[in-house]
Amino acid sequence: MSRRLLTNAKLATFTANGAAYGLVEQGALVIDGDRLAFAGPDQDLPRQDRELPSEDLEGRLVTPGLIDCHTHVVFGGNRAREFEMRLQGASYEEVARAGGGIVSTVSATRAASEEDLLASALTRVDALIREGVTAIEIKSGYGLDRETELRMLRTARSISRKRPIHVRTSFLGAHAVQAEYKDRPDAYLEEVCLPTLEEANEENLVDAVDGFCEGIAFSPEQIAKVFDKARELGLPVKLHAEQLSNLGGTKLAASYGALSADHLEYLDEAGAKALKKSDSVAVLLPGAFYTLRETQMPPLELLRQEGVPIALATDCNPGSSPLASLLTTMNMGCTLFRMTPEEALAGVTREAARALNLEDQGCLKAGMRADLAIWNVDHPAELSYRIGFNSLQKRIFGGSE
């Protein structure tokens, strides 16, 4: 692929240049193959690149490609009926204990073929791609048996072969206890979850290991067993923590050097300090907060005070966050959680890349992947301001449109 030049652009670089958004008002980009060779002010463009074949972006905003760092897009069925139940007053826990929730999706996912799972997942992935998303994390966790967990992970891996998008997979066998092991969570972990993780790792299907640390799922002590296995296999960890209560899951995750802890509505000061010490990312998920009509907001000011990096993600899933729009997620982060538009955009670029350990993505500078989103907006804040409006002009993935 030849070297080319993009000119007359406004760049949200998210580099430490002293400006909000790392903004460069009059900028240029040089793409060489799948990498950026230059990203900065027009006036600093190297002399040898000034005569390259060029495209005038007419003042449009360029951001790094967006990254959705927490999703469950591979699943069978839907849970619209449970949506009705919650509107009639049932809590998330009540739905789960009545045999709904994750368990109902498990049944539908087990019944679906890999081809069916892929076809339905691609509809959601395509919606994200249309909004400038270039990387996505996908979790298992709706199989809760060996066969289906592996099928979900194989489906997730195949998405990057079907679409121009990076996929990071997370093994979430510790999502819930399958019905066959009701009231025997430790046996489920020992007999199903951990052996399946080993097999999935042998097939190179796993990039990270996740868990759900809650009263309706697994205790910190049980999650520690899963994380010990992940450490043995050399896999990084992340955790659904402090969503419905504070069990200390965040501190546990931080003690294992987790990539991220996610949800965090009930996070306390000790948990925030632990995240900072471990350099883990706090991933906020306003879609679940909105759908479940929660009132306990994550402690944003505490995270700011402690200097914890904050990412945003859709949490796209059939039950608690049937959301497949990262732009809407940004608006929710600002409107519901009081994030600034700069924090929201950083949360789906630079900080989301950190949450997935994507070292060559998330900002605009030489050497990074040429994964770009080009927007018909005057200012980056517009991306968080609008609701249900997609201002993407075009998306560039690895230097290709």
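Criteria and cut-off values
- Residues numbered from 1 in each chain as written.
- Predicted model: local features only at pLDDT ≥ 70, side-chain atom pairs only at ≥ 80, totals over all residues.
- Heavy atoms only, no water.
- Helix = DSSP H or I, 4+ residues; strand = E, 2+ residues; numbered from the N terminus.
- Contact = heavy atoms within 4.5 Å.
- Pairing = 2+ DSSP bridges.
- Buried < 20%, exposed > 50% of the residue type's maximum accessible area, 1.4 Å probe, protein only.
- Phe/Tyr/Trp six-rings, centres within 6.5 Å; stacked < 30°, edge-to-face > 60°.
- Lys NZ or Arg CZ within 6 Å of the ring centre and 35° of its normal.
- UniProt positions renumbered as here; feature names shortened; annotations may be inferred.

### Brief notes about the environment of Pro185
Among the secondary structure elements, Pro185 is positioned in helix H6 (residues 185-202). Every residue in contact with Pro185, bar those within four places of it in the chain, is listed here: Val177, Phe218 and Gln222.

### With respect to the pairing of strand S3 (residues 35-41)
Both strand S2 (residues 23-32) and S3 contribute to a ladder of six bridges, which runs antiparallel. Note on S3: the bridge partner recorded for Ile31 is Leu36. Between S2 and S3, which pair antiparallel and follow one another directly, the connecting turn spans two residues, one of which, Gly33, has a positive phi of 65°.

### Quick word on the side chain of Thr250
Of note, Thr250 is situated in helix H8 (residues 249-255). Residue Thr250 is classed as buried on the basis of its relative accessible area of 1%. The residues contacting Thr250, other than those within four sequence positions of it, are Ala241, Glu242, Ala261, Leu264, Leu267, Gly271 and Leu275.

### A word on unusual backbone geometry
In this model, Leu264 sits at a positive phi of 70°, which is unusual for a non-glycine residue. With respect to the element layout, Leu264 can be found in the loop between strand S11 (260-263) and helix H9 (269-278). Residue class for Leu264 comes out buried when judged on its relative accessible area of 0%. For Asp279, which is not glycine, the phi torsion reads 60° and is therefore positive.

### Overview of the packing of aromatic side chains
Applying the stated criterion across every chain, the model contains six aromatic pairs. Ring geometry for Phe75 and Tyr142: centres 6.4 Å apart, planes at 80°, overall edge-to-face. You can see Phe75 sitting in the loop between strand S6 (66-68) and helix H1 (80-87) and its partner Tyr142 sitting in the loop between strand S7 (133-139) and helix H5 (146-162), a full 67 residues away along the chain. Plain terms: the ring middles of Tyr181 and Tyr188 are 6.0 Å apart, the flat faces sit at 65° to each other, and that makes the pair edge-to-face. Each member of the pair, Tyr181 as well as Tyr188, is classed as buried. Taken together, the aromatic side chains of Tyr181, Tyr188 and Phe218 make up a single cluster linked through ring pairs. The ring of Phe75 has Arg124 sitting right over it, with the charged end atom 3.8 Å from the ring centre. Sitting over the face of the ring of Phe389, Arg386 holds its NZ or CZ atom 4.9 Å from the ring centroid.

### Comments concerning the UniProt feature "binding site: Fe(3+)" (unreviewed entry) in the chain
Look at the UniProt record and you will see "binding site: Fe(3+)" (unreviewed entry) annotated at His70, His72, His240 and Asp315. Look at the named residues: they lie 246 residues apart in sequence, but the longest C-alpha span between them is just 12.4 Å, so in the fold they bunch up. Mapped onto the fold, His70 is located in the loop between S6 and H1. Residues contacting His70, with those up to four places away along its chain left out, are Glu137, Lys139, His240, Asp262, His263, Val283, Leu285, Ala313, Thr314, Asp315 and Cys316. Here His240 shows up in strand S10 (residues 238-241). Classification of His240 by relative accessible area gives buried; the value is 4%. Apart from the residues within four sequence positions on either side, His240 is in contact with His70, His72, Lys139, Leu172, Asp210, Gly211, Phe212, Cys213, Asp262 and His263.

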